[in-house]
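# Overview (structure and organization)
Here are the chains, one letter per residue:
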Amino acid sequence: MVLVLALGDLHIPHRAADLPTKFKSMLVPGKIQHIICTGNLCIKEVHDYLKSLCPDLHITRGEYDEDARYPETKTLTIGQFRLGLCHGHQVVPWGDLDSLAMLQRQLDVDILVTGHTHQFKAYKHEGGVVINPGSATGAYSSITYDVNPSFVLMDIDGLRVVVYVYELIDGEVKVDKIDFKKTATVQTPH
Amino acid sequence: MGKKPVPDWLNSSLWSSSASDDRVSRYATCPSPDTRRHDSPPRPPPPRPPSPPPPPASESGSSGKDPGPASLSPDEASRQSQLIMEISKKFINVGELQRLVCQGVPDGTEIRSTIWKLLLRYLPYDRALWVHELNKKRSQYKAFKDELLLNPSEITRRMDKSEAVKSEDVNCKGSGLLPRSEITHGEHPLSLGSTSVWNQFFQDTEIIEQIDRDVKRTHPGMPFFSDDSSFAKSNQEALRHILIVFAKLNPGIRYVQGMNEVLAPLFYVFRNDPDENNAANAEADTFFCFVELLSGFRDNFCKQLDNSVVGIRATITKLSQLLKKHDEELWRHLEITTKVNPQFYAFRWITLLLTQEFNFADCLHIWDNLLSDPEGPQETLLRICCAMLILVRRRLLAGDFTSNLKLLQHYPTTNISHLLHVANKLRGSLPS
């Protein structure tokens, strides 16, 4: 039972001042085992804050990040799942499923987490699952001003993942979930 | 007010606390308690040897290994056969059993497990009911574990199933948006609600961490508990489960440091039961016996009751009074002259039921006595503590605060039968 927080596109301080208070009150240290961040934090203070929530922090570089040392993509294995992380501005057209599927095949991961569009999405295709946690602060994106703050918490338990989606709609936190299972990897001789 | 004279038997050279065993004292009998004689035939008195027989193998095994079997002297062998006879009867005469156990359960026998279960009222006295009772209790424990040891992911999965939430098969081929579904009962991992399973889980983690740490530290010298073998690991797992289930079922006292020490001898004895079925179910049996044993001593662990009439301070005062009654000179010297507050040493003696003061094998002997005495474990414990003080009186009377405290906090190895005999002599009602 591993809890993984996925968020990104905070754009602090350029486009937003801080995470919504209701989100901040829920995010307390000690509950989450890993944090994966798609990028565009943008400053070190946000990095430190996320580090205080959980010491295991993974970040990829967004185009507005001030720290140039974050990698472009990252892969990690948690439990039975391989996760891939990328900000998403590199993948053109932005938010296009087929292009993201190409990236997923390239990284060879089960779950690909990208951002940049500031809209929550969860796609499924033959290669696996693509999750976009949206913008945790509700910052405006290159495409639209109408953004609801959102982030994603994944509960990885064996071959099953429960994805809890937290969205702030009209000042209230709404939680939904998505359930999916991975078929156990079968080694078939070609 | 004249000083009460020290009783003659106290001044006898028998009570030297050196480890050289005085074999004669081992065969003194304990007074017969009120025996509820049912229809059992009159028993022959235990044969007493005319002269001290050759000393049997040392009962107090070294602390570096598990206590191993010892060769029995003729007297012990007869006691063992009597005990076996007693517990094999159809209706067990508990008074008789108590009397026999008071004299000591010989080491190397494997009947201790059954005896303790009988004394702790886990097994009924009617032999015919044993199988039924055991099965009932064991399945009850299993139900506890199933209910209480789940992590929240599994709990929410069960909730989903019971709510018959439609879970589409998202394994199927094809692409597209993944369907979002509602969460059941507002349960999500970051929930801050007090009734939320997740929130309760995170609140419990602190206690579970504490239990983990203590279990890992239990008896580091004994391979039974702290080896690298899978056997030791499974034993630690069992201890852990028992303590977690106990903490969850008793929100009043939860887990207090030291409960693992009280649990360890029970589990050790039950796990080493020669009957395979019993040994496999040791965890369930230990849980119920632990609950029973702790029921008398619960108040010692409850912080709020510390200063009340039933709390640990009151118990320590009782010990003090007992010492004053039996050996006023020592009492005066200890508490008034050298100002050794009994809380400094007696706290650990009483709350941990003397498990930390003696090596493991001696501890099992003391517990034999504790569990079988008809006066009840609390009173017996106080008498034994008082006896411990009296046995080292010479050194205490000669010492000052530092040396006395050091002596009492690292109590020297003694002959346990000695100790129990002295404790016996201190019987008599305590002025309330």
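Since this is a predicted model, take the numbers as computed values, not measurements. (Residues numbered from 1 in each chain as written. Chains lettered and ligands numbered in written order. Predicted model: local features only at pLDDT ≥ 70, side-chain atom pairs only at ≥ 80, totals over all residues. Heavy atoms only, no water.)

## A short note on the overall build of chain B
Short version of the rule: For the purposes of this entry, the term helix denotes a DSSP run of H or I that reaches at least four residues, the term strand denotes a run of E that reaches at least two, and both are numbered from the N terminus. Categorising residues by exposure relies on relative accessible area from a 1.4 Å probe, with only protein chains included: less than 20% of the type maximum marks a residue as buried, more than 50% marks it as exposed, and the intermediate range marks it as partly exposed. We call two residues contacting when some pair of their heavy atoms lies within 4.5 Å. Note on areas: Shrake-Rupley, 1.4 Å probe, and residue coverage restricted to the protein chains presented here.
Secondary structure assignment for chain B yields 21 helices and two strands. For chain B, with 432 residues in total, the buried portion stands at 51%. For chain B, restricting intrachain contacts to residue pairs at least 6 apart in sequence, the fraction spanning at least 24 positions comes to 71%. A total of about 21200 Å² of accessible surface is found on chain B, and carbon and sulfur atoms cover 53% of it.

## Comments concerning the packing of helix α5 (residues 112–119) of chain B against helix α11 (residues 259–271) of chain B
All names here are of chain B. To keep things clear, this is the line we draw: In this description, a line fitted to the C-alpha atoms serves as the axis of each element, helices being fitted only across the stretch in contact, and the angle between N-to-C directions of two axes falls anywhere from 0 to 180 degrees. Note on angle classes: values under 35 degrees are labelled roughly parallel, values over 145 roughly antiparallel, values of 65 to 115 roughly perpendicular, and the remainder oblique. With the far helix as reference, a near helix turned anticlockwise by less than a right angle produces a left-handed crossing, and one turned clockwise produces a right-handed crossing. Classification used: nonpolar for Ala, Val, Leu, Ile, Met, Phe, Trp, Tyr, Cys and Pro, charged for Asp, Glu, Lys and Arg, polar for all others including Gly.
Viewed as axis vectors pointing N to C, α5 and α11 meet at an angle of 125°, and their least axial separation amounts to 8 Å. It follows that α5 is oblique to α11 by the angle criterion. Crossing of α5 over α11 shows left-handed handedness. Taking contact as the criterion, the partners of Arg 112, Ser 113, Trp 116 and Lys 117 in α5 are, on α11, Pro 265, Leu 266, Val 269 and Phe 270. Residues that form the contact of α5 with α11 fall into these classes: five nonpolar, one polar and two charged.

## Quick look at the sheet that holds strand β1 (residues 2–7) of chain A
Here is the rule we go by: Strand pairing is assigned whenever DSSP detects at least two bridges linking the two strands.
With mixed pairing, seven strands are arranged side by side in an open sheet as β3(A)-β2(A)-β1(A)-β9(A)-β10(A)-β11(A)-β2(B). Here the strands that pair on one side only, and so sit at the sheet edges, are β3 (57–59) of chain A together with β2 (181–182) of chain B. Contacting β1, β2 (34–37) and β3 of chain A, helix α2 (residues 44–53) of chain A runs over the sheet at an angle of about 145° to β3(A).

## So, the packing of helix α14 (residues 312–326) of chain B against helix α15 (residues 328–337) of chain B
All names here are of chain B. Relative to each other, α14 and α15 sit at 130°, their axes nearing to 5 Å. Between α14 and α15, the angle falls in the class oblique. Contacts between α14 and α15 pair Ser 320, Leu 323, Lys 324 and His 326 from the former with Glu 328, Leu 330, Trp 331, Leu 334 and Glu 335 from the latter. For the contact of α14 with α15, the residue count by class is four nonpolar, two polar and three charged.

## Things to note about empty space enclosed by the protein
All names here are of chain B. So the rule is basically this: Of the two site types, the cavity is a set of points on a 1 Å grid over the protein atoms alone where a 1.4 Å probe fits but cannot get out, and the pocket is an open set with protein on both sides within 12 Å along at least five of seven lines, each lined by residues with an atom within 4 Å of a point. Grid points are joined across faces, edges and corners, and a volume is the space filled by probe spheres set on the points.
Summed over all chains, the structure comprises six cavities of 30 Å³ or more. Volume-wise, the second largest cavity comes out at about 40 Å³. Asn 369, Asp 373, Thr 380, Arg 383, Ile 384, Leu 420, Ala 423, Asn 424 and Arg 427 are the residues that line the second largest cavity. When residues of the lining of the second largest cavity are traced back to their parent elements, those giving at least two are α18 (377–391) and α21 (416–425). Here the lining of the second largest cavity is built from residues that sort into three nonpolar, three polar and three charged.

## A short note on the pairing of strand β7 (residues 120–125) of chain A
Buried residues dominate β7(A), accounting for five of its six residues. Where β7(A) meets strand β8 (residues 128–133) of chain A, six bridges bridge the pair, whose relative direction is antiparallel. Bridge pairing in β8(A) places A:Phe120 opposite A:Pro133. Where β7(A) folds back onto β8(A) in an antiparallel hairpin, the turn is made up of two residues. In this sheet, strand β1 (residues 176–177) of chain B lies alongside β7(A) in antiparallel orientation, the contact comprising two bridges. Residue A:Tyr123 lies in a different strand from β1(B), and its bridge partner there is B:Leu177.

## Looking at the interface of chain B and chain A
Quick reminder of the rule: A simple way to read buried area is as the amount of 1.4 Å-probe accessible surface that goes missing from two parts once joined, with both sides added. When a carboxyl oxygen of Asp or Glu is within 4 Å of a side-chain nitrogen of Lys or Arg, the pair counts as a salt bridge. Identification of polar contacts relies on pairs of N or O atoms within 3.5 Å, with a donor-acceptor requirement for protein atoms, meaning one able to donate a hydrogen and the other able to accept it, and with residues adjacent in sequence counted only if both atoms are side-chain atoms.
With 30 residues of chain B in contact, the opposing surface of chain A contributes 34 residues. Regarding the contact of chain B and chain A, the summed buried area is about 2800 Å², with carbon and sulfur atoms giving 59% of it. Per-residue buried area on chain B facing chain A is highest for B:Leu178, B:Arg180 and B:Leu190; these three make up 27% of the total on that side. Taken together, the links from chain B to chain A amount to two salt bridges. Here B:Arg180 and A:Glu167 are joined by a salt bridge, their closest N and O atoms 2.7 Å apart. Put simply, chain B and chain A have six residue pairs in polar contact (both at pLDDT 80 or more) between them. Residue assignment for the side of chain B that touches chain A shows that the elements contributing at least two residues are α7 (152–162), β1, β2 and α8 (197–216) of chain B.

## A word on the side chain of A:Glu167
Counting through the fold element by element, A:Glu167 comes out in strand β10 (residues 160–169). One polar contact links A:Glu167 to B:Arg180, side chain to side chain, over a distance of 2.7 Å. When sequence neighbours within four positions are dropped, the list of residues in contact with A:Glu167 reads A:Phe23, A:Phe120, A:Pro149, A:Ser150, A:Glu172, A:Val173, A:Lys174 and B:Arg180.

## Some remarks on the environment of A:Asp146
Considering the arrangement of structural elements, one finds A:Asp146 in the loop between β8 and β9 (150–157). Looking at A:Asp146, the relative accessible area reads 62%, which means it is exposed.

## Here's the deal with the UniProt feature "domain: Calcineurin-like phosphoesterase" (unreviewed entry) in chain A
Using the following cut-off: UniProt positions are given in the numbering used here, feature names are shortened, and annotations may be inferred rather than shown by experiment.
With numbering matched to this structure, UniProt assigns "domain: Calcineurin-like phosphoesterase" (unreviewed entry) to residues 4–157 of chain A. Across residues 4–157 of chain A, helical content stands at 18% and strand content at 30%; the span's end C-alpha atoms are separated by 11 Å.

## Re the sheet that holds β1(B)
Adjacent strands of a sheet pair through backbone hydrogen bonds, lying either parallel or antiparallel. Taken in spatial order, the six strands of this open sheet run β4(A)-β5(A)-β6(A)-β8(A)-β7(A)-β1(B), and their pairing is mixed. In this open sheet, the two edge strands, each paired with only one partner strand, are β4 (73–78) of chain A together with β1 of chain B. Helix-sheet contacts for helix α3 (residues 97–107) of chain A involve β4, β5 (81–86), β6 (111–113), β7 and β8 of chain A, and the interaxial angle to β6(A) is about 120°.

## Quick notes on the side chain of B:Ser196
Residues and elements named next belong to chain B. Note that Ser 196 resides in the loop between β2 and α8. The exposure class of Ser 196 is buried, given its relative accessible area of 4%. A polar contact is formed between the side chain of Ser 196 and the backbone nitrogen of Asn 199, at a distance of 3.2 Å. Setting aside chain neighbours within four positions, we find Ser 196 in contact with Glu 187 and Ser 191.

## A closer look at the packing of aromatic side chains
Aromatic ring pairs are described here by two measures, namely the spacing of the ring centres and the angle between the planes. Residue and element names in this part refer to chain B. Put simply, the test is: Ring pairs shown here join Phe, Tyr and Trp side chains whose ring centres sit within 6.5 Å, with only the six-membered ring taken for Trp; geometry is labelled stacked below 30 degrees between planes, edge-to-face above 60, and tilted in between.
In the structure shown here, the tally under the stated rule is 21 aromatic pairs over all chains. Here the aromatic rings of Tyr 122 and Phe 288 are separated by 6.0 Å at their centres, their planes lie at 15°, and the arrangement is stacked. Taken together, the positions of Tyr 122 in the loop between α5 and α6 (130–148) and Phe 288 in helix α13 (residues 282–301) put the pair 166 residues apart, joining distant regions of the chain. Taken together, the aromatic side chains of Phe 224, Phe 225, Phe 231, Phe 267, Tyr 268 and Phe 360 make up a single cluster linked through ring pairs.

## Quick notes on a nonpolar patch on the surface
Where we set the bar: In this analysis, a patch consists of residues with relative accessible area above 30% that form no salt bridge, clustered at 9 Å for like charges and at 5 Å for the nonpolar side chains Val, Leu, Ile, Met, Phe, Trp and Tyr.
The grouping of A:Val92, A:Trp94 and A:Ile143 at the surface amounts to a nonpolar patch, some 340 Å² of accessible area in total. Assessed through its relative accessible area of 56%, A:Ile143 is described here as exposed.

## With respect to α8(B)
The condition that has to hold: To estimate how far a helix should reach, multiply one less than its number of residues by 1.5 Å. Each residue is assigned a bend, namely the angle between axes fitted to the seven residues that terminate at it and the seven residues that start at it.
Its 20 residues give α8(B) an end-to-end C-alpha distance of 27 Å, which sits within 8% of 28 Å, the value for a rise of 1.5 Å per residue. B:Thr205 marks where α8(B) bends most, by close to 35°. What α8(B) keeps buried is the set B:Val197, B:Trp198, B:Asn199, B:Phe202, B:Asp204, B:Ile207, B:Ile208, B:Ile211, B:Asp214 and B:Val215. Looking at the buried side of α8(B), the elements it contacts are β1, β9 and β10 of chain A together with α7, α10 (230–249) and α11 of chain B.

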